[in-house]
Amino acid sequence: MSIKVYNTMTRGKEELVPREDGKISMYVCGPTVYNYIHIGNARTFINFDMIQGYLRFAGFDVTYVQNVTDVDDKIIGKANEEGVSTDVVAEKYRVAFEEDMAALGIEPPDIAPRATECIPDMLEVIEALVEKGYAYESDGDVYFEVKRFDDYGKLSRRNLEEQRMTVQCEVDAARKRDPFDFALWKASKPGEPSWESPWGPGRPGWHIECSTMSIKYLGTGFDIHGGGQDLIFPHHENEIAQSEAFADGARFVRYWLHSGMLNIDREKMSKSLGNIRSLREVLAEHDADTVRMLMLGTHYRSPLSFGDGSLAEVHASLARIRNCRFNLEDHIRKAAGEKAGLHHSDRQTVLVHFLNEAEVEFRGHMDDDFNSAAALGVIFGVVREVNSYLDEAGDIKTPAGKLVLLEAQRVLDGLCGALGLFRGAAESAGSVERVPMGGPAATEGPSREQLIELLLRVRETAREGGNFEFADRIRDGLAELGVRVEDVQDGFRWRLER
Ligand code: AMP
Ligand code: ZN
């Protein structure tokens, strides 16, 4: 079965045919580390984490590169504002970014190059572009001459006039031959970070950073380049111009994938509207799986309007999946041991058939340009079916019944895992609804999460019996251990204080 992806370059869905059989090379523009990331940035990183995770699930050997932009005008601006060096700003927010990704349960990319570590590589590319006649020096700056690259505009499909309108007002227009030429190298002003170059001390432009780092780690003609839709122009258009000019016209990227923008209550997030929501703020209120599931509930290319109301709804849906997983575990624990050669009842045969069909349907949706929203629908279908099977628990305790339960667990956990739900780190912030207790997996000891949830259920029983003093002692004891418990309408929420 083949996977289809929507390629921004061709504006259509295409079969994903990798450069090398069975392998995917993928580069996603990472954060500019001058602030805590906001919930819109988080959407893009979650979407591409979902995409790379699904490609691995589908059997590809994926190399995922995501850079860190640690030299940039915004970082310099922030350093001046705070009266510290740019290194201090970049390191603080780079570490914060890693913490944020861990809090979301996102594994680090295979390679996470920092721009400042690759300056010699960038200088090599810029020098080659000057030599080949695509770039020129002007007063210590180096610019890419857009009109020398015939295909300029092929990704964004903008005509030259539109490009002129966008870039005309740039401050350093005077140094350029043409207003829409863009900087590969910027001469440094006093107090700015700088590196030696053939054109004097300076620093790289943002676009050349991504071209250089992607080619350095993946080679020209790699498979997937991703980022938010706001990067199509000028960032990715400029990356193509530089990279293809550098490689004498060889194609830079096979498939361009762009994640849709996240808005707040249908309005663009912006400083002037004062509606920027940091990921940290959101994670203080909602657990990581809820945030992830909210994002996955909308196709990765569609716009998404973010609001706390929608998170509350998602939280309730997520609890349905969690409860089903706990219930399955509980029944598996109670079921008799496995024995071969026992027949399934009709109900069991129907359920196993349903589960296998669901797996096929799930893959069909994900293979169609990563339709995670439809894939989630399949998971809810599985939850409904498993719940109604468990409700009529008559034949479950037989050995054959146990095998069916294990199959249901394999399918449910597998599909959730393919979307990156219920990963260890994200699970460390969770919620406990009124569910039967799940036992530890047979081969492992109880996890920290299971022990916390056990204590919370004991607390609930104490409260139900009117023993509030005992219940409060459990809550206070957990608080001392850094576990914050909140009572909500349908149970409890808890999270580990960072
Ligand atoms: P930046 O650090 O600003 O370069 O952004 C990091 C990533 O987040 C880029 O891929 C952007 O395209 C993406 N991004 C920025 N704003 C939004 C938004 N409102 N919704 C979705 N993605 C965004
Ligand atoms: Zn980039």
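The following refers to the structure shown. (Residues numbered from 1 in each chain as written. Chains lettered and ligands numbered in written order. Predicted model: local features only at pLDDT ≥ 70, side-chain atom pairs only at ≥ 80, totals over all residues. Heavy atoms only, no water.)

### Regarding the packing of aromatic side chains
Here is step 1 of the chain: A complete count under the given rule lists twelve aromatic pairs for this structure.
Here is step 2 of the chain: Taking 5.2 Å as the distance between ring centres and 15 degrees as the angle between the ring planes, the aromatic pair formed by Phe 144 and Phe 182 counts as stacked. You can see Phe 144 sitting in strand S6 (residues 141-144) and its partner Phe 182 sitting in strand S7 (residues 182-187), a full 38 residues away along the chain.
Here is step 3 of the chain: Looking at Phe 144, the relative accessible area reads 0%, which means it is buried.
Here is step 4 of the chain: Note on Phe 182: relative accessible area 6%, which makes it buried.
Here is step 5 of the chain: Over the aromatic face of Tyr 6 sits the side chain of Arg 301, whose NZ or CZ is 4.0 Å from the ring centroid.
Here is step 6 of the chain: Looking at Arg 325, its charged tip hangs above the ring of Phe 422, at a distance of 4.3 Å from the centre. (Phe/Tyr/Trp six-rings, centres within 6.5 Å; stacked < 30°, edge-to-face > 60°. Helix = DSSP H or I, 4+ residues; strand = E, 2+ residues; numbered from the N terminus. Buried < 20%, exposed > 50% of the residue type's maximum accessible area, 1.4 Å probe, protein only. Lys NZ or Arg CZ within 6 Å of the ring centre and 35° of its normal.)

### Structural notes on the site of ligand 1
Here is step 1 of the chain: By nearness alone, 15 residues border ligand 1, and Thr 32, Thr 44, Gly 228, Asp 230 and Leu 262 come closest of all.
Here is step 2 of the chain: Taking Gly 40, its main chain carries an N or O atom lying 3.0 Å from a nitrogen atom of ligand 1.
Here is step 3 of the chain: In this structure, Thr 44 approaches ligand 1 through a side-chain N or O atom, which is 2.7 Å from a nitrogen atom.
Here is step 4 of the chain: Listed by contribution, the elements that provide at least two residues to the shell around ligand 1 are helix H1 (39-57) and strand S9 (222-228).
Here is step 5 of the chain: With four residues, H1 is the single largest residue contributor to the shell around ligand 1.
Here is step 6 of the chain: Looking at the shell around ligand 1, its residues break down into six nonpolar, eight polar and one charged. (Near = heavy atom within 4 Å. Polar contact = N/O pair within 3.5 Å; in protein donor to acceptor, adjacent residues only side chain to side chain. Nonpolar A, V, L, I, M, F, W, Y, C, P; charged D, E, K, R; others polar.)

### Topic: the pattern of salt bridges
Here is step 1 of the chain: Tallied over the full model, the rule gives 34 salt bridges.
Here is step 2 of the chain: Ionic pairing is found between Asp 49 and Arg 292, a salt bridge with its closest N-O pair at 2.8 Å. Taken together, the positions of Asp 49 in helix H1 and Arg 292 in helix H9 (residues 288-296) put the pair 243 residues apart, joining distant regions of the chain. As far as the burial class goes, Asp 49 and Arg 292 line up, both buried.
Here is step 3 of the chain: Glu 117 serves as the salt-bridge partner of Arg 114, at 3.8 Å between the closest nitrogen and oxygen. (Salt bridge = Lys/Arg side-chain N within 4 Å of Asp/Glu carboxyl O.)

Geometry only, nothing functional implied.
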